[in-house]
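The lines below spell out each chain.
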Amino acid sequence: LKKHCKSMMILNEKKVPWFPRKIQDLDMSVAQTLDAGDELESDHPGFHDPVYRARRNQLTDIAFKFRQGQEIPHIDYTPDEVKTWGLVYERMQDLWAKYACDEFKYILPLLESNCGYAVDNVPQAQDISNFLKECTGFTLRPVTGLLSSRDFLNGLAFRVFFSTQYLRHHTKPYYTPEPDICHELMGHAPMFADPAFADFSHEIGLASLGASDEEIERLATCYWFSVEFGVCMQHGEKKAYGAGLLSSFGELEYSCSPTRPAGGTNDVPEYRPWDPFQACKQKYPITTYQPVYYVAESLHDAKERMRIFTEEMKKPFHARYNPLQQTISVDRCV
Ligand code: HBI
Ligand code: FE
């Protein structure tokens, strides 16, 4: 596949960064994975485990060969992998009941009855993709590892969510330094079945098309404080809608109901009202719990505020998605 790295195109007499115009173009976006999984960092729990690394390469290969429009191959997860998934899934149950938003709690049982979500089964990406497509038009696409923010967000413009297929290392079931299938399928997938959340994500995706590097940075930061670590008010209480919270048994409780440890003073997070104009500038840590959470009044409110933010972005064109053709059309294009 040809890489599009750093290429530009002319739109409304302005040079803008390349972006996918039809859904098949996503094959080019994923050709540039930052970390293909064959070069695990030395602090990764699977770094010294040749069996884990071989398995990762197997799964990477499946994602690497995937082309838009194909069925996502069925993966036979190993007993170790199923066990790891099950440990996380089981442990999250009580926490979801207490701290997940209503939308998540409504959808999870549907994923159990339609897509094989269970303690003793890792669900298949194609089954979830079919289910999401019926709900909101979102689909999953396998990916080998981390993509650039630009490529990752561009996929959302086509209502495509790039999803990894490997599991975290079995010796550390409650920890992963990178997105894995527990994070994608427990944290992200259920939320994409919700129409307001799907529109919210789509909004960020459309805004990312042809955006400058600075704008991509701001959008990625908004994504972080919403899609990953978003909290919203429901029935007068804080509830999580961000996937980073919904897939982390420690941080889910911390984000919605922090308890001040006896001796500590700085161990409760700060809550601010969800405002993309503010959130887009906020620095954040990636390896510790978040010191700041942005709290939306509702998913609908989160979406409206995001829409206002993206409308004010300075772009030489306006991108729209045509779901039937699965193409992007551009207004005021020369
Ligand atoms: N790539 N595969 C993959 N999965 C993600 O969740 C992901 C990514 N690249 C960037 C990213 N997430 C975000 O942190 C934002 O930069 C968009
Ligand atoms: Fe994520």
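Not measured: the values here are computed from a predicted model.

(A) Fine view of the packing of aromatic side chains. With the rule as written, the count across this model stands at 26 aromatic pairs. Note on Phe-152 and Phe-161: the rings are 5.8 Å apart at their centroids and 80° apart in plane angle, and the pair reads as edge-to-face. Just as Phe-152 is buried, Phe-161 falls in that class too. One cation-aromatic arrangement involves Arg-56 over Tyr-166; the distance from NZ or CZ to the ring centre is 3.5 Å. A cation over a ring is seen here: Lys-238 above Tyr-271, with NZ or CZ 4.2 Å from the ring centre.

(B) View of the site of ligand 1. As a structural note, the neighbourhood of ligand 1 is formed by Val-143, Gly-145, Leu-146, Leu-147, Ser-149, Phe-152, Leu-153, Pro-179, Ala-220 and Tyr-223. Within the contact set of ligand 1, a nitrogen atom lies 2.8 Å away from a backbone nitrogen or oxygen of Gly-145. Backbone polar atom of Leu-147 to a nitrogen atom of ligand 1: 2.8 Å apart, as the coordinates give it. About the coverage of ligand 1: the protein hides 89% of its 390 Å² of free accessible area. The greatest single-element share of the shell around ligand 1, amounting to 3 residues, is contributed by helix α6 (residues 149-156).

(C) Representation of the sheet that holds strand β7 (residues 270-273) within the structure. Taken together, the 4 strands give an open sheet; going across it, the order is β6-β5-β8-β7, and neighbouring strands pair in mixed fashion. The open sheet is flanked by β6 (237-240) and β7, the only strands paired with a single partner. Strand-to-strand twist of the sheet, defined as the mean angle between neighbouring strand axes without regard to direction, takes the value 40°. The strands touched by helix α11 (residues 249-256) within the sheet are β6, β7 and β8 (292-296), with β6 carrying the most contacts at an inclination of about 155°.

(D) A look at the packing of helix α4 (residues 102-115) against helix α7 (residues 181-192). Axis separation between α4 and α7 bottoms out at 9 Å; the angle between their running directions is 100°. When the axes of α4 and α7 are compared, the pair comes out roughly perpendicular. Contacts between α4 and α7 involve Glu-103, Phe-104, Ile-107, Leu-108 and Leu-111 on the former and, on the latter, Met-186, Pro-190 and Met-191. Split by residue class, the contact of α4 with α7 holds 7 nonpolar, no polar and 1 charged.

(E) Seen up close, α4. When the terminal C-alpha atoms of α4 are compared, their 20 Å separation across 14 residues agrees well with the 20 Å that a helix rising 1.5 Å per residue should span. Listed in full, the buried residues belonging to α4 are Glu-103, Phe-104, Ile-107, Leu-108, Leu-111 and Cys-115. Angular distribution of buried residues about the axis of α4 spans 125°; they occupy a single face of the element. Opposite the packed face of α4, turned more than 90 degrees from it, sit the exposed residues Tyr-106 and Ser-113. Here the buried face of α4 lies against α3 (79-99), α5 (125-136), α7, β5 (231-234), α10 (243-246) and α13 (299-311).

(F) Region of the structure containing the pairing of strand β3 (residues 139-142). Burial along β3 is two-sided: the face carrying Thr-139 and Arg-141 and the face carrying Leu-140 and Pro-142 are both buried. As a crossover connection, the stretch from β3 through α6 into strand β4 (residues 160-163) is right-handed.

(G) Molecular detail of the side chain of Asp-194. Assignment of secondary structure puts Asp-194 in the loop between α7 and α8 (195-208). Lys-303 provides the closest opposite charge to the buried, unpaired Asp-194, separated from it by 8.3 Å. Within the structure, the side chain of Asp-194 is placed 3.2 Å from the backbone nitrogen of Ala-196, a separation counted as a polar contact. Of note is the side chain of Asp-194, whose polar atom sits 3.0 Å from the backbone nitrogen of Phe-197.

Cut-offs applied
Per chain, residue numbering runs from 1 following the sequence as it is written. Each chain gets a letter, beginning with A, and each ligand a number, beginning with 1, in the order they are written. Where local features are concerned, this predicted model is filtered to residues with pLDDT of at least 70; where side-chain atom pairs are given and counted, the filter is 80 or more; whole-chain, interface and lining totals use all residues. Water and hydrogen atoms play no part in the side-chain values, which are based on all heavy atoms of the structure. Two aromatic rings, drawn from Phe, Tyr or Trp (for Trp, its six-membered ring), form a pair once their centres lie within 6.5 Å of each other, and the interplanar angle then sorts them: stacked below 30 degrees, edge-to-face above 60, tilted otherwise. Working definition: with a 1.4 Å probe on protein chains only, accessible area under 20% of the residue-type maximum means buried, over 50% means exposed, and in between means partly exposed. By definition, being over a ring means that NZ of Lys or CZ of Arg is both within 6 Å of the ring centre and within 35 degrees of the ring normal. Being near a molecule or strand, for a residue, comes down to having at least one heavy atom within 4 Å of it. A 3.5 Å cut-off defines polar contacts: any pair of N or O atoms within that distance qualifies, except that in protein one atom must be a possible hydrogen donor and the other a possible acceptor, and neighbouring residues in sequence count only when both atoms are side-chain atoms. Note on areas: Shrake-Rupley with a 1.4 Å probe; residue coverage comes only from the protein chains shown. Counting from the N terminus, the helices are DSSP H or I runs at least four residues long and the strands are E runs at least two residues long. Criterion used throughout: strands pair if DSSP finds at least two bridges between them. Orientation is described by axes fitted as lines to C-alpha atoms, over the contacting stretch for helices, and by angles from 0 to 180 degrees between their N-to-C directions. We call two residues contacting when some pair of their heavy atoms lies within 4.5 Å. Just so you know how the angles are binned, under 35 degrees is roughly parallel, over 145 roughly antiparallel, 65 to 115 roughly perpendicular, and the rest oblique. Here the term charged refers only to Asp, Glu, Lys and Arg, the term nonpolar to Ala, Val, Leu, Ile, Met, Phe, Trp, Tyr, Cys and Pro, and the term polar to all other amino acids, Gly among them. What a helix should span is 1.5 Å times the count of its residues minus one. Note: the arc covers the axis-to-C-beta directions of the helix. When the strands point away from the viewer, a crossover counts as right-handed if the path from the first strand over the helix to the second runs clockwise. For the purpose of counting charges, residues Lys and Arg are taken to be positive, whereas Asp and Glu are taken to be negative. His and the chain ends are not included. Salt bridges, as used here, are contacts in which a Lys or Arg side-chain nitrogen is within 4 Å of a carboxyl oxygen on Asp or Glu.

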